[in-house]
Amino acid sequence: MNKWLVSVGLLVTFLYVGVGCWLLGDGLLQLKDLALNELGDFLAGVFGPLALMWLILGFFQQGIELRQNREALQLQVAELNASVAQQRELVEVSREQLLAETAERESQREAAAIARVPQLTLDYRRMEADVERGCPAIVFTLYNARGHAFQVTVYSGKGGEGPVLAKQAILPECGEWEFSLPLAAGFAKQVRLYVLYQDAKHLQYQAFFDVSLRLKNGYPEVVDVGPLKSARASSA
C-alpha cells in the first residue's frame, strides 16, 4: 500500500481510538460485565467506521495500482512500437543490402558473361596468288581480343550456305588466325564473310564482316573491311 495512505490510516486509527477511550472513560471497566453478544455488538459498532475507512483506503490503493499498471502497460506498448519500428528499419536495411548484393552478383555475372564472349575483328593482310585454284586470293587475319573461341568456321555465305573457307578448332584470347578468300573471275565488289564460333559455355555465335573490293590496273584490291556487323547467340 502507498506510504501516505498507510500514514493517514494509522493516524486516523490512533486518533479514533484515543478519542473513543477519552469519551468512554471509566465506562471501559464495565465492558467485562457485558455478555458476549453485547460485547460483540459494541466492538462491531466501535470499530466499524475504522474498517470502512481502511476499506476506502484499499480502494484508493487499488486505483493507484491500476494507474501504475496502466502507465507500465503504456510504456511496454511504446517499447513494443519502438521495437517494431526498429525491426522494420532492420528489415528495410536487410532488403536494401539483399537488393544491392543481388545487383552486384548480377553485375558480376554479366561482366563474366561479357568477358567470356569472344570479340572478333577482321583485318586485311595482303593479296596473293592461289596456285591451286589459279586465281588471286585475299589473305585476312581474324583476331580474337577477348575470351576463347571454339569451332571457328569461316563461310562466304550466310549460315553456312556458302563454301567453307577455313576451320579452326580454337582461337584463343589475343590470338590471330590467317585464312584466304579466293576471288574467281567476275567477283562481286561487296563480299560478306560469315564466322560461326562457340564460347567457353558452348553458346554458338554468328558474326559477319563486309569486304569492299575494286579493280585497279586489272587486279583486285581491297578497299575496306567493315567492322563486326552483328552477333547472334544460340544453344550449340
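Residues numbered from 1 in each chain as written. Predicted model: local features only at pLDDT ≥ 70, side-chain atom pairs only at ≥ 80, totals over all residues. Heavy atoms only, no water.

Draft legend 1. Spatial organisation of the confidence of the model for the chain. When pLDDT is averaged across the chain, the result is 81; 83% of the residues are at 70 or more. Within the chain, strand 9 (residues 231-235) has the poorest average pLDDT of any element, 62, and strand 3 (residues 149-155) the best, 91. (pLDDT = per-residue confidence, 0-100. Helix = DSSP H or I, 4+ residues; strand = E, 2+ residues; numbered from the N terminus.)

Draft legend 2. Representation of the pairing of strand 6 (residues 190-198) in the model. With 7 of 9 residues buried, strand 6 is to be regarded as a mostly interior element. Summarising the sheet, strand 3 and strand 6 pair through 4 bridges and their orientation is antiparallel. Considered in strand 6, the bridge of Phe150 is made with Gln198. Of the pairings in the sheet, the one linking strand 6 to strand 7 (residues 203-216) comprises 9 bridges and is antiparallel in character. (Buried < 20%, exposed > 50% of the residue type's maximum accessible area, 1.4 Å probe, protein only. Pairing = 2+ DSSP bridges.)

Draft legend 3. Just the sheet that holds strand 1 (residues 120-130), in detail. Reading across the sheet, the 3 strands line up as 1-2-5 and stay open at both edges, with antiparallel pairing between neighbours. Every other strand in the sheet has two partners, leaving strand 1 and strand 5 (175-182) as the edge strands with one partner each. For this sheet the average axis-to-axis angle between neighbouring strands, irrespective of direction, equals 25°. Pairing of strand 2 (residues 135-144) with strand 5 involves 8 bridges; the strand directions are antiparallel. Bridging across to strand 5, Phe140 finds its partner in Phe179. (Axes fitted to C-alpha atoms, helices over the stretch in contact; angles between N-to-C directions.)

Draft legend 4. Quick peek at the layout of surface pockets. If you add up the space inside the second largest pocket, you get close to 180 Å³. Lining the second largest pocket are 14 residues, with Ser156, Leu181, Pro182, Leu183 and Val191 sitting closest to its centre. Secondary structure elements with two or more residues in the lining of the second largest pocket: strand 4 (164-171), strand 5 and strand 6. No other element matches the 3 residues that strand 6 contributes to the lining of the second largest pocket. Looking at the lining of the second largest pocket, its residues break down into 10 nonpolar, 2 polar and 2 charged. (1 Å grid on protein atoms, 1.4 Å probe; cavity = no way out; pocket = protein on both sides within 12 Å on 5 of 7 lines; lining within 4 Å. Points joined across faces, edges and corners; volume = space filled by probe spheres on them. Nonpolar A, V, L, I, M, F, W, Y, C, P; charged D, E, K, R; others polar.)

Draft legend 5. View of the packing of aromatic side chains. For the structure on display, the rule yields 4 aromatic pairs. Here Trp177 and Phe179 contribute two aromatic rings whose centre-to-centre distance is 5.7 Å and whose plane-to-plane angle is 45°, an arrangement assigned as tilted. There is no split in this pair, since Trp177 and Phe179 are both buried. Look at Tyr197 and Tyr205: their rings are 5.6 Å apart centre to centre, the planes differ by 10°, and that puts the pair in the stacked class. Both residues of the pair, Tyr197 and Tyr205, belong to the buried class. (Phe/Tyr/Trp six-rings, centres within 6.5 Å; stacked < 30°, edge-to-face > 60°.)

Draft legend 6. Focus on the environment of Asp130. By the secondary structure assignment, Asp130 is in strand 1. Between the C-alpha atom of Asp130 and that of Leu181, which follows or precedes it by 51 residues, the distance is 9.2 Å. The residues contacting Asp130, other than those within four sequence positions of it, are Cys135, Pro136, Ala137 and Pro182. (Contact = heavy atoms within 4.5 Å.)

Draft legend 7. Geometry of the nonpolar core. Leu122, Phe140 and Leu142 are the most contacted members of the largest nonpolar core, which has 26 residues in total. When contributions to this core are tallied by element, the ones reaching two or more residues are strand 1, strand 2, strand 3, strand 4, strand 5, strand 6, strand 7 and strand 8 (219-225). Tallying contributions element by element places strand 7 first for this core, with 5 residues. Not counting the four nearest positions on each side in its chain, Phe140 is found in contact with Leu122, Asp123, Tyr124, Arg125, Trp177, Glu178, Phe179, Leu181, Leu193, Val211 and Val225. (Core = buried A, V, L, I, M, F, W, Y, C linked by side-chain atoms within 4.5 Å.)

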